[in-house]
Amino acid sequence: MSEKILVIGASGQIGSELTMGLRKIYGDSHVIASDIREGSSELMNSGTFEFVDATNKEQIEQIVQKHTIEVVYLMAAMLSGAAEKNPEKAWDLNMTSLFHVLNLAKEGVIKRIFWPSSIAIFGNSTPKQMTGQQTITEPSTVYGISKLTGERWCDYYMSNFNVDVRSIRYPGIISWKTMPGGGTTDYAVEIYHKAIIEGKYECFLSENSRLPMMFMEDAIKATIDLMKASNINNYIAYNVGAVDFTPKEIVKEIKKHLPEFEVSYVPDFRQKIADSWPQSIDDNAAKRDWNWEHTFDLETMTSEMLTRLNEKYAKS
Ligand code: AKB
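On a predicted model such as this, the values are computed, not experimentally measured, just so you know.

Analysis parameters
- Residues numbered from 1 in each chain as written.
- Predicted model: local features only at pLDDT ≥ 70, side-chain atom pairs only at ≥ 80, totals over all residues.
- Heavy atoms only, no water.
- Pairing = 2+ DSSP bridges.
- Helix = DSSP H or I, 4+ residues; strand = E, 2+ residues; numbered from the N terminus.
- Axes fitted to C-alpha atoms, helices over the stretch in contact; angles between N-to-C directions.
- Buried < 20%, exposed > 50% of the residue type's maximum accessible area, 1.4 Å probe, protein only.
- Phe/Tyr/Trp six-rings, centres within 6.5 Å; stacked < 30°, edge-to-face > 60°.
- Lys NZ or Arg CZ within 6 Å of the ring centre and 35° of its normal.
- Patch = residues over 30% accessible without salt bridge, like charges linked within 9 Å, V, L, I, M, F, W, Y side chains within 5 Å.
- Areas by Shrake-Rupley, 256 points an atom, 1.4 Å probe, with all protein chains shown as cover.
- Salt bridge = Lys/Arg side-chain N within 4 Å of Asp/Glu carboxyl O.
- Core = buried A, V, L, I, M, F, W, Y, C linked by side-chain atoms within 4.5 Å.
- Contact = heavy atoms within 4.5 Å.
- Near = heavy atom within 4 Å.
- Polar contact = N/O pair within 3.5 Å; in protein donor to acceptor, adjacent residues only side chain to side chain.
- Nonpolar A, V, L, I, M, F, W, Y, C, P; charged D, E, K, R; others polar.

1. Things to note about the sheet that holds strand β10 (residues 211-215)
Piece 1. Spatial ordering of the open sheet is given by β8-β10-β12, a layout of three strands whose pairing is mixed. For this open sheet the edge positions go to β8 (172-174) and β12 (243-245), each flanked by a neighbour on one side alone. Geometrically, the sheet is characterised by an average inter-axis angle of 40 degrees between neighbouring strands, direction not taken into account.
Piece 2. In terms of strand pairing, β8 meets β10 through three bridges, oriented parallel. Bridging across to β10, Ile-174 finds its partner in Phe-215.

Quick look at the structure:
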């Protein structure tokens, strides 16, 4: 029988699709979804859902005990743009929730943790091209500082208390089911929706801002594969790469399907965040240690996004 899994932050962009991916593999009754707010009807109707505030240890512990949970995916987080506006709240959510879950593992209540890190751990002093697994990490954002600190704490709990905690430094994640919220890479999701609904989009990053990105299917595969891997005692948080592109390049790709699509560029405070992040990622460690390989490139991702969103909006 497979282990019981709890996803905290299951109603969010990655959490919702991760929950569905885990339910497909391990069975609906083995994967408990939790969040402070309800998720999509697909999520709510496919298995058990519990209301959990990720900053409340008692609530997490109660659900862990109620469902005899052994593995926790902690997906609740405040992303880069939102965190700049609410630094203390972001720090509290991103760090307190991690401590609660790390301590449950230290106490032997749960066996294994997945906790997402981000390319935001890198900063202005990091080499921007093919940014390495081990390089300069001097983040300049609240979110980046919380993610880098989180990586250090995960390493500390692993080294000192033998806690099995695994992590991925996610790039921008592109998906059509659930909207992201508060991130700097969110433009790369919004742009597809706006292309279909309005035929125009005002982009909050400049046209040449290159960032590493990944299609959701690849992100879910990476997450689940890392949690299944048996030989990963090299790093806590792995770089994973897939595609990198600029707003101008994604527009060019969308225009192949929707030639009338119009975009204007009005960079806001998120431009500074984007400028501090890598442009492409060296993921050789993940390839070597657990055979990481991405599937979607800009062309296949664009075609899938537009097809799926067209179907979705036609139904609504
Ligand atoms: C964000 O833009 O804040 C996130 C991230 C790269 O971690 N998508």
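2. Remarks on unusual backbone geometry
Piece 1. At Thr-68, a residue that is not glycine, the phi angle is positive and equals roughly 45 degrees.
Piece 2. Counting through the fold element by element, Thr-68 comes out in the loop between α3 (57-66) and β4 (71-74).
Piece 3. The phi dihedral of Asn-291 falls on the positive side, at around 60 degrees, and the residue is not glycine.
Piece 4. Take Asn-291: it is sitting in the loop between α11 (284-290) and α12 (298-315).
Piece 5. On the accessibility criterion, Asn-291 (63% relative accessible area) is exposed.

3. Overview of the packing of aromatic side chains
Piece 1. One pass over the structure, following the stated rule, counts 14 aromatic pairs.
Piece 2. Aromatic pair Trp-153 and Tyr-156: ring centres 5.5 Å apart, planes at 75 degrees, arrangement edge-to-face. Of the two residues, Trp-153 and Tyr-156 are both situated in helix α6 (residues 142-161); the distance of three residues between them amounts to about one turn of the helix.
Piece 3. For Trp-153, a relative accessible area of 31% translates into the label partly exposed.
Piece 4. Considering the side-chain rings of Tyr-238 and Trp-290, the 5.7 Å spacing of their centres and the 85 degrees angle between planes classify their relative orientation as edge-to-face. Remark: Trp-290 occurs in helix α11 and Tyr-238 occurs in strand β11 (residues 237-239); sequence separation between them is 52 residues.
Piece 5. The class of Tyr-238 is buried, set by a relative accessible area of 0%.
Piece 6. In this structure an aromatic cluster arises from ring pairing among Phe-99, Trp-153, Tyr-156, Tyr-157 and Phe-161.
Piece 7. Just above the ring of Phe-161 sits the side chain of Lys-106; from NZ or CZ to the centre is 4.4 Å.
Piece 8. When the ring centre of Phe-204 is taken as origin, the NZ or CZ atom of Arg-270, which lies over that ring, is 3.5 Å away.

4. As for a nonpolar patch on the surface
Piece 1. Together, Trp-153, Tyr-156 and Phe-161 line one region of the surface with nonpolar side chains, adding up to about 270 Å² of accessible area.
Piece 2. The topology assignment puts Phe-161 in helix α6.
Piece 3. A relative accessible area of 32% means that Phe-161 is categorised as partly exposed.

5. Regarding the nonpolar core
Piece 1. Counting 68 residues, the largest nonpolar core has Ile-174, Tyr-187, Tyr-192, Phe-245 and Ile-250 as the members making the most contacts within it.
Piece 2. Apart from residues no more than four positions distant in its own chain, Ile-250 is found in contact with Tyr-187, Ala-188, Ile-191, Tyr-192, Phe-245 and Leu-298.

6. Here we look at the site of the ligand
Piece 1. Around the ligand, the surrounding shell consists of Leu-79, Ser-80, Ser-118, Ile-119, Tyr-143, Gly-183, Thr-184, Thr-185 and Trp-277.
Piece 2. Within the contact set of the ligand, an oxygen atom lies 2.8 Å away from a side-chain nitrogen or oxygen of Tyr-143.
Piece 3. A distance of 2.7 Å separates an oxygen atom of the ligand from a polar backbone atom of Thr-184.
Piece 4. Classifying every residue of the shell around the ligand gives four nonpolar, five polar and no charged.

7. What to know about the environment of Leu-98
Piece 1. Relative to the assigned elements, Leu-98 resides in helix α5 (residues 87-106).
Piece 2. Between the C-alpha atoms of Leu-98 and Gly-150, which are 52 residues apart in sequence, the distance is 7.3 Å.
Piece 3. Leave out the neighbours within four places in its chain, and Leu-98 touches Leu-74, Trp-115, Gly-150 and Cys-154.

Purely spatial values, then, with no claim about function.
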